[in-house]
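Here are the chains, one letter per residue:
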Amino acid sequence: MSDSNAPALERGLKNRHIQMIALGGAIGTGLFYGSAKSIALVGPAILLAYLLGGMVIYLIMSMMGEMSTHEPVAGAFSHFSYKYWGEFPGFLAGWNYWFLYILVSMAELSVIGLYLQEWFGLTPWITSLVTLVIITSVNLLSIRIYGEFEFWFAFIKVFAIVLLIGLGLYLIGKDSLLGNTGTESMVSLSNLWRLEGGFMPFGIKEFLLSLVIVMFSFGGTELIGITAAEADDPKTSIPKAIRQVIWRILLFYVLSIAVIMVLVPWNEIGEQGSPFVVIFQKMGLGVITLSNGSEISIPAVFFGLVVFTAAISVYNSGIYSNGRMLYGLAEQGNAPKVFMKLNRNRAPFIGILFSSFCTLIAVVVNFLIPDGAFMHIMSVATAAATITWGLIVLVQYRFRKAINKEGVELSFKAPFYPFSNIVCLAFLGLLFVMMTQMDSMKYAAYVIPAWVILLYIGFLIRKGLQKRRD
């Protein structure tokens, strides 16, 4: 049963906060760090993969937005799963999403550690731990303070990508004006098709496999639903965020990666580090020589700091969403009531601290396997995200049927219902099949069913304890 007397979260998020939170959640290591792996996997066809994945995510975002606009509550799709489907779907949706963002937070901590090790030789697990403490402290403050932090974190990322696109287009235009457009030139629009194999050098199967990595990049857009309970005007800000954010994401992903591959042939970008740093190193721009004779690339350092900011931003969003999800689960009775406790800033501090403590596992992972931490965590996170998206699609279908039966007119509707639900489910099913074909993802596809079974056992235990108390 939902607790109607639950202490209320503060409604302090403005539209500009929600816009940037949604952008910040989706523009992170998937773009700045994981894009190198996706480019290496499929070549220029990665642009088509981002377009396809972006369209599916837009439909899923719209479904989430439809429900959250109609009923802005903590717990978002967990609440809707509980209300319009049943107790176990609500339990599954909430705890799976919490588990997903624990994994995402762990992945971000892993990347933060890797970058600081590369730049300054710092031990990855120590820098991960310091980041954890700082960001957890921010989340214990007022929601307005969190919103401001995330707004500026996301602004830095957006500014950097716009700067990259602008500078990249300038370099491309400059190279063309100088007449360096032949096949011997590194900078060439023909980089998108002239290399061996053409636009899709590895065939359709590798293209489909790339969708797995691409969809991980879009993970975090569903944060729009989580923010509804703390938005000061959710019926206006949520639909506006959905309409504006998706084309911005596609613009940033597709155009920025296209610029990278025009500047540098895709098969030279490599799989190590961020391509956003690599291209400037290859172009030799802004290199200064120090008194000791060593050289520093200013653009490379700048974008390296942006990547670092991106990872902190997504980790910040992860801690935020997990605290609210535990609050919503406790409100339903699907988590201990202690998670509903708010501090004087009206933040669910027990849920935040518990979630932060769980991400300490990333510190241990970085200590044990520093070289492979990111991909191992990302694989399980992608599988968990697939379950979350699938639940949103299924629950929105049931939600719309219930609302139509009641004759209620929705202020914001997801497009193409119910055809869009069928398309999204088919796409997510394909995604899961592709996971079983990738060595780095295969084990995650088997872990997730075990995780669902474990959650069902937990649900039965919770029901048994509840009956005993009653």
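Residues numbered from 1 in each chain as written. Predicted model: local features only at pLDDT ≥ 70, side-chain atom pairs only at ≥ 80, totals over all residues. Heavy atoms only, no water.

Engineer: I tried to follow the overall build of the chain on my own but got confused; where do I start?
Structural biologist: Counting its secondary structure elements, the chain contains 19 helices and two strands. Evaluated residue by residue, the chain yields a buried proportion of 59% over its 470 residues. Within the chain, contacts between residues separated by at least 24 positions form 82% of all contacts whose residues are at least 6 apart in sequence. For the chain, the exposed surface amounts to about 18600 Å²; the carbon and sulfur share of it is 67%. (Helix = DSSP H or I, 4+ residues; strand = E, 2+ residues; numbered from the N terminus. Buried < 20%, exposed > 50% of the residue type's maximum accessible area, 1.4 Å probe, protein only. Contact = heavy atoms within 4.5 Å. Areas by Shrake-Rupley, 256 points an atom, 1.4 Å probe, with all protein chains shown as cover.)

Engineer: Which parts of the structure should I look at to understand the side chain of Asn-96?
Structural biologist: With respect to the helices and strands, Asn-96 occurs in helix H6 (residues 87-120). Note on Asn-96: relative accessible area 0%, which makes it buried.

Engineer: Explain the side chain of Asn-316 to me, please; I cannot follow it from the model alone.
Structural biologist: Along the chain, Asn-316 falls in helix H14 (residues 298-332). On the basis of relative accessible area, Asn-316 is assigned to the buried category, the value being 0%. A distance of 3.0 Å separates a polar atom in the side chain of Asn-316 from a polar atom in the side chain of Glu-150. Apart from the residues lying within four places of it in its own chain, the contact partners of Asn-316 are Ile-135, Val-138, Asn-139, Tyr-146, Phe-149, Glu-150 and Phe-153. (Polar contact = N/O pair within 3.5 Å; in protein donor to acceptor, adjacent residues only side chain to side chain.)

Engineer: Looking at this model, I keep getting lost on the nonpolar core. Mind explaining?
Structural biologist: In globular proteins that are soluble, nonpolar side chains generally tend to be buried together. Core analysis: the biggest nonpolar cluster contains 122 residues, and Ile-46, Phe-218, Met-261, Trp-389 and Leu-431 have the highest contact counts within it. Of all hydrophobic cores here, the second largest spans 14 residues; its members include Ile-112, Leu-116, Phe-153 and Tyr-315. (Core = buried A, V, L, I, M, F, W, Y, C linked by side-chain atoms within 4.5 Å.)

Engineer: Got a minute to help me understand helix H15 (residues 349-358) in this structure?
Structural biologist: Working note: α-helix, 3.6 residues per turn, so residues spaced by three or four point in the same direction. Restricting attention to buried positions, one finds in H15 the residues Gly-351, Ile-352, Ser-355, Ser-356 and Cys-358. Along the axis of H15, the buried residues cluster in a sector spanning 155°; they form a single face. (Arc of directions from axis to C-beta.)

Engineer: Mind showing me how you'd approach the packing of helix H4 (residues 46-70) against helix H18 (residues 419-435) here?
Structural biologist: Relative orientation and spacing of two packed helices are given, respectively, by the angle between their axes and the distance between those axes. Relative orientation of the contacting elements H4 and H18 amounts to 125°, with a least axis distance of 10 Å. One way to sum up the angle between H4 and H18 is to call them oblique. Read as a crossing pair, H4 and H18 show a hand that is left-handed. Residues Leu-52, Gly-53, Val-56, Leu-59, Ile-60 and Met-63 of H4 pack against Ser-420, Asn-421, Cys-424, Phe-427 and Leu-428 of H18. Here the residues of the contact of H4 with H18 sort into eight nonpolar, three polar and no charged. (Axes fitted to C-alpha atoms, helices over the stretch in contact; angles between N-to-C directions. Parallel < 35°, antiparallel > 145°, perpendicular 65-115°, else oblique. Left-handed = near helix turned anticlockwise from the far one by under 90°. Nonpolar A, V, L, I, M, F, W, Y, C, P; charged D, E, K, R; others polar.)

Engineer: Sorry, what's going on with the environment of Leu-209 here?
Structural biologist: Here Leu-209 lies in helix H9 (residues 203-218). Apart from the residues lying within four places of it in its own chain, the contact partners of Leu-209 are Leu-41, Met-434, Gln-437 and Met-438.

Engineer: Please clarify how a nonpolar patch on the surface should be interpreted in this entry.
Structural biologist: A cluster of nonpolar side chains, Trp-125, Ile-126, Leu-129, Val-130, Val-133 and Ile-134, forms an exposed patch at the surface whose accessible area comes to about 500 Å². For Ile-134, the location among the structural elements is in helix H7 (residues 124-139). (Patch = residues over 30% accessible without salt bridge, like charges linked within 9 Å, V, L, I, M, F, W, Y side chains within 5 Å. Salt bridge = Lys/Arg side-chain N within 4 Å of Asp/Glu carboxyl O.)

Engineer: Help me understand the confidence of the model for the chain, please; the structure alone is not making it clear to me.
Structural biologist: Fine structural detail should not be taken from predicted coordinates in areas where pLDDT scores are low. Scored by pLDDT, the chain comes out at a mean of 78, with 78% of its residues at no less than 70. Across the chain, the secondary-structure element scoring lowest on mean pLDDT is helix H13 (residues 275-283), at 62, and the one scoring highest is H18, at 92. Throughout residues 181-185 the model reports pLDDT below 50, and contacts reaching past four residues in sequence, or to other chains, amount to six contacts. (pLDDT = per-residue confidence, 0-100.)

Engineer: Honestly, the packing of aromatic side chains in this entry has me stumped. Any pointers?
Structural biologist: Any two aromatic rings considered together are summarised by their centre-to-centre distance and by the angle between their planes. Evaluated as defined, the whole model comprises 20 aromatic pairs. Put simply, the rings of Phe-88, Phe-91, Trp-95, Trp-98, Phe-339, Phe-354, Tyr-456 and Phe-459 touch in pairs and so form one group of aromatic residues. (Phe/Tyr/Trp six-rings, centres within 6.5 Å; stacked < 30°, edge-to-face > 60°.)

Engineer: What is the right way to read the environment of Ala-311 from this model?
Structural biologist: Examined against the element boundaries, Ala-311 turns out to sit in helix H14. Note on Ala-311: relative accessible area 0%, which makes it buried. C-alpha separation for the pair Ala-311 and Ser-110, spaced 201 residues apart in sequence, amounts to 9.1 Å.

Engineer: Whenever I open this one, the pattern of salt bridges confuses me. Can you help?
Structural biologist: Opposite charge on two side chains permits pairing when their charged atoms draw close. Counted under the stated rule, the structure contains five salt bridges. In this structure, Glu-66 engages Arg-400 in a salt bridge whose closest nitrogen and oxygen atoms are separated by 2.5 Å. With Glu-66 in helix H4 and Arg-400 in helix H17 (residues 373-406), the pair connects residues that are 334 residues apart, well separated along the chain. Here Glu-66 matches Arg-400 in class, with each residue buried. In the salt-bridge network here, residues are joined through shared partners; they are Glu-87, Arg-462 and Lys-463.

Engineer: What is the right way to read unusual backbone geometry from this model?
Structural biologist: Backbone torsion omega between Tyr-417 and Pro-418 reads -5°, so that peptide bond is classified as cis. Turning to its location among the elements, Pro-418 is positioned in the loop between H17 and H18. Positioned with a positive phi, Arg-346 is a non-glycine residue whose angle comes to about 60°. Summarising the element assignment, Arg-346 is placed in the loop between H14 and H15. For Phe-416, which is not a glycine, the phi torsion comes out positive at approximately 65°. Take Phe-416: it is sitting in the loop between H17 and H18. Phe-416 gets classed as exposed once you look at its relative accessible area, which sits at 60%.

Engineer: I tried to follow the environment of Gly-168 on my own but got confused; where do I start?
Structural biologist: Here Gly-168 lies in helix H8 (residues 143-177). Accessibility expressed as a relative area gives 2% for Gly-168, which makes it buried. Taking the C-alpha atoms as reference points, Gly-168 and Val-262, 94 residues apart in sequence, are found 8.7 Å from one another. Apart from the residues lying within four places of it in its own chain, the contact partners of Gly-168 are Val-259 and Leu-263.

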